[in-house]
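# Descriptive structure summary
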Amino acid sequence: PNIVDLDVSDNGITQLPRNICRLNELQVLNLRDNELTDVPVELGLCSSLHTLNIDGNRFKELSTNICSMARLQVLTAARNQMKVLPCDLANMVGLVFLDIKGNEGMSEVASMMLKESVSRLMGYLREVQMGMVYGAVNLSRRGLTTFP
């Protein structure tokens with residue numbers, strides 16, 4: 001099928017079919033306001049996919065299945081149940097927009113860095129991933145109200 005934009009929002013979907021990878025022309029996938037906790041690894045085979053909306057689901061984390069989508073440019077993951085951003089997010093080298101608003105308990109450091117820019121957050125995550133962040137972390141003058 002030559003589906004380019006697929007919107008299955010507001011349906012109560014609990015999982016995507018593994019054969020979603022057959023939609024090889026898929027560029028935009030809107031999964032907003034369903035009951036998803038992850039996406040199948042096969043979604044990463046949709047090589048044209050550049051925008052993924054998983055707002056308002058039940059994701060507790062951005063899994064490896066999502067973080068391995070290096071071509072993804074836009075990821076909206078607002079209003080889920082995530083508390084942290086995985087270092088694997090740094091593998092998403094094409095990501096230019098990330099929305100994590102409304103995730104109760106999300107690290108203030110992650111939220112603060114994201115406000116500055118996606119590239120700053122991604123750079124920090126790459127440093128953590130490579131073991132370059134150790135010893136001292138300067139969080140002065142960041143407006144934190146609780147310790148991260």
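Fair warning: this is a prediction, and the values are worked out from it, not measured in the lab.

## Details of the overall build of the chain
Tallying secondary structure elements over the chain gives three helices and five strands in all. Listing every helix and strand of the chain by position from the N terminus yields β-β-β-α-β-β-α-α. Among the 148 residues that make up the chain, the fraction classed as buried is 39%. Of the contacts made within the chain by residues no fewer than 6 positions apart, 29% connect residues no fewer than 24 positions apart. A total of about 8,400 Å² of accessible surface is found on the chain, and carbon and sulfur atoms cover 51% of it.

## Topic: the nonpolar core
Counting 31 residues, the largest nonpolar core has Leu 62 and Leu 75 as the members making the most contacts within it. Beyond its immediate chain neighbours, meaning those up to four positions away, Leu 62 contacts Ile 54, Cys 67, Leu 75, Ala 77, Met 82, Leu 85, Pro 86 and Leu 89.

## Focus: the pattern of salt bridges
A complete count under the given rule lists six salt bridges for this structure. Between Asp 33 and Arg 79 there is a salt bridge, with the nearest N and O atoms lying 3.1 Å from each other. Here the residue Asp 33 occupies a position in the loop between β2 (28–30) and β3 (51–53), and Arg 79 occupies one in the loop between β4 (74–76) and β5 (97–99), the gap between them amounting to 46 residues. Asp 33 gets classed as partly exposed once you look at its relative accessible area, which sits at 23%.

## What about the environment of Lys 83?
Inspection of the secondary structure puts Lys 83 in the loop between β4 and β5. Sequence separation of Lys 83 and Met 106 is 23 residues, and the distance between their C-alpha atoms is 4.1 Å.

## A look at the environment of Asp 88
Position of Asp 88 relative to the elements: it lies in the loop between β4 and β5. In this structure Asp 88 comes out as partly exposed when scored by relative accessible area, which is 30%. Sequence-wise, Asp 88 and Cys 67 are 21 residues apart; in three dimensions their C-alpha atoms are separated by 5.8 Å.

Criteria and thresholds
- Residues numbered from 1 in each chain as written.
- Predicted model: local features only at pLDDT ≥ 70, side-chain atom pairs only at ≥ 80, totals over all residues.
- Heavy atoms only, no water.
- Helix = DSSP H or I, 4+ residues; strand = E, 2+ residues; numbered from the N terminus.
- Buried < 20%, exposed > 50% of the residue type's maximum accessible area, 1.4 Å probe, protein only.
- Contact = heavy atoms within 4.5 Å.
- Areas by Shrake-Rupley, 256 points an atom, 1.4 Å probe, with all protein chains shown as cover.
- Core = buried A, V, L, I, M, F, W, Y, C linked by side-chain atoms within 4.5 Å.
- Salt bridge = Lys/Arg side-chain N within 4 Å of Asp/Glu carboxyl O.

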